[in-house]
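# Commentary on secondary and tertiary structure
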Amino acid sequence: MLAHTDTGDGPSLVFLHGLGADRTRWAPFVDRLSGTFRCTTVDLPGHGESPADGCNAVEGAIAVQELIGHLGIEAPTIVGHSLGATIALVHAAVFGPRSIVAFDPVGLYLPDLAAGLAPYADRLRGDDFDAAFGEWEAELLAPVPEEQRAGLQAAIHPRQEVVLSYWAALLDPDETAATQAGFEAAVSGIAVPALVILADPPSDNDAAVLRTMGSATVEVVEGGTHFLHLLDPDRFATRIADWTGALR
């Protein structure tokens, strides 16, 4: 069973964090939303206090669904960021929650993400993992204002075996194309309302994947960063509340 915190009462929101983080990432949103919503924050497999079994998007989505069933949560909106957003998309394709909100999912088109990781691949697998991951992470954090960057970075605690498991298909060129085909087949079947909030306009390849999601509402935040929701929780907690409130 995944480690979690469950608080508040009302329509259900289930929050999934990004790679290397944990459920405490969502504390600013729980503070703002638990007066109106039931907020369940989850440690994904291999993160926080959760066991390290099933560190991939599919098994992660299954583990989230098992937790939802265990807690008796009905018709949740799954809110995810980065890796958590990708797992939210897979969960929506397989289990059909009430809706999803995906903040800046990484790897809509996996070959592009794999190409970005390729220069680090050997070091990620070896003894230089920490430095290699830190350099990759620094690229994501570079657009964040300097005064906020350290706090975001301090909350990321990557474990080599966990990262390599989630990124297995990305670090093996033979697996990347096949995994992409399966991912696109899955998300094209999403039938629930999906709000995808991006920090940058999507690339042509990402846009092609998004077009397969007929139910998706895509919003691009001008001047946003990969951690846009954490830099302005007031704005994005309100967006989650408005999105959920508008659902039939």
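For the structure itself, look to the data block above.
Predicted model only: the values in this text are computed from it and were never measured.

Take a nonpolar patch on the surface next. Where nonpolar side chains cluster on the molecular surface, the patch consists of Val58, Ile62, Val94 and Phe95 and spans about 330 Å² of accessible area. Elements that contribute at least two residues to the nonpolar patch include exactly helix 2 (57–71) and helix 3 (83–95). In this structure, Phe95 sits in helix 3. Overall, Phe95 belongs to the partly exposed group, its relative accessible area being 32%.

Turning next to the side chain of Arg38. Mapped onto the fold, Arg38 is located in strand 3 (residues 38–42). Looking at Arg38, its side chain comes within polar contact range of the side chain of Asp6, at 2.6 Å. A polar atom in the side chain of Arg38 sits 3.3 Å from the backbone oxygen of Leu71. Not counting residues up to four positions away in its chain, the partners in contact with Arg38 are Asp6, Thr7, Gly8, Asp9, Gly10, Pro11, Ser12, Leu13, Leu71, Gly72 and Ile73.

Quick look at the side chain of Asp22 now. Position of Asp22 relative to the elements: it lies in the loop between strand 2 (12–16) and helix 1 (27–33). This buried residue, Asp22, is left without a salt bridge; Arg23 holds the nearest opposite charge, at 6.8 Å. Engagement of the side chain of Asp22 in a polar contact is seen with the side chain of Thr24, the distance being 2.4 Å. Residues within four places of Asp22 in sequence aside, it is in contact with His17, Asp43 and Gly48.

We now examine the packing of aromatic side chains. Applying the stated rule across the entire model yields nine aromatic pairs. Their ring planes at 90° and their centres at 5.7 Å tell us that Phe103 and Phe236 sit as a pair that is edge-to-face. Of this pair, Phe103 sits in strand 5 (residues 99–103) while Phe236 sits in helix 12 (residues 233–246), placing them 133 residues apart in sequence. An identical accessibility class is assigned to Phe103 and Phe236; each is buried. Pairwise contacts between aromatic rings join Phe15, Trp26, Phe29, Phe103 and Phe236 into one cluster.

The rules behind the values
Residues numbered from 1 in each chain as written. Predicted model: local features only at pLDDT ≥ 70, side-chain atom pairs only at ≥ 80, totals over all residues. Heavy atoms only, no water. Patch = residues over 30% accessible without salt bridge, like charges linked within 9 Å, V, L, I, M, F, W, Y side chains within 5 Å. Areas by Shrake-Rupley, 256 points an atom, 1.4 Å probe, with all protein chains shown as cover. Salt bridge = Lys/Arg side-chain N within 4 Å of Asp/Glu carboxyl O. Helix = DSSP H or I, 4+ residues; strand = E, 2+ residues; numbered from the N terminus. Buried < 20%, exposed > 50% of the residue type's maximum accessible area, 1.4 Å probe, protein only. Polar contact = N/O pair within 3.5 Å; in protein donor to acceptor, adjacent residues only side chain to side chain. Contact = heavy atoms within 4.5 Å. Lys, Arg positive; Asp, Glu negative; His and termini not counted. Phe/Tyr/Trp six-rings, centres within 6.5 Å; stacked < 30°, edge-to-face > 60°.

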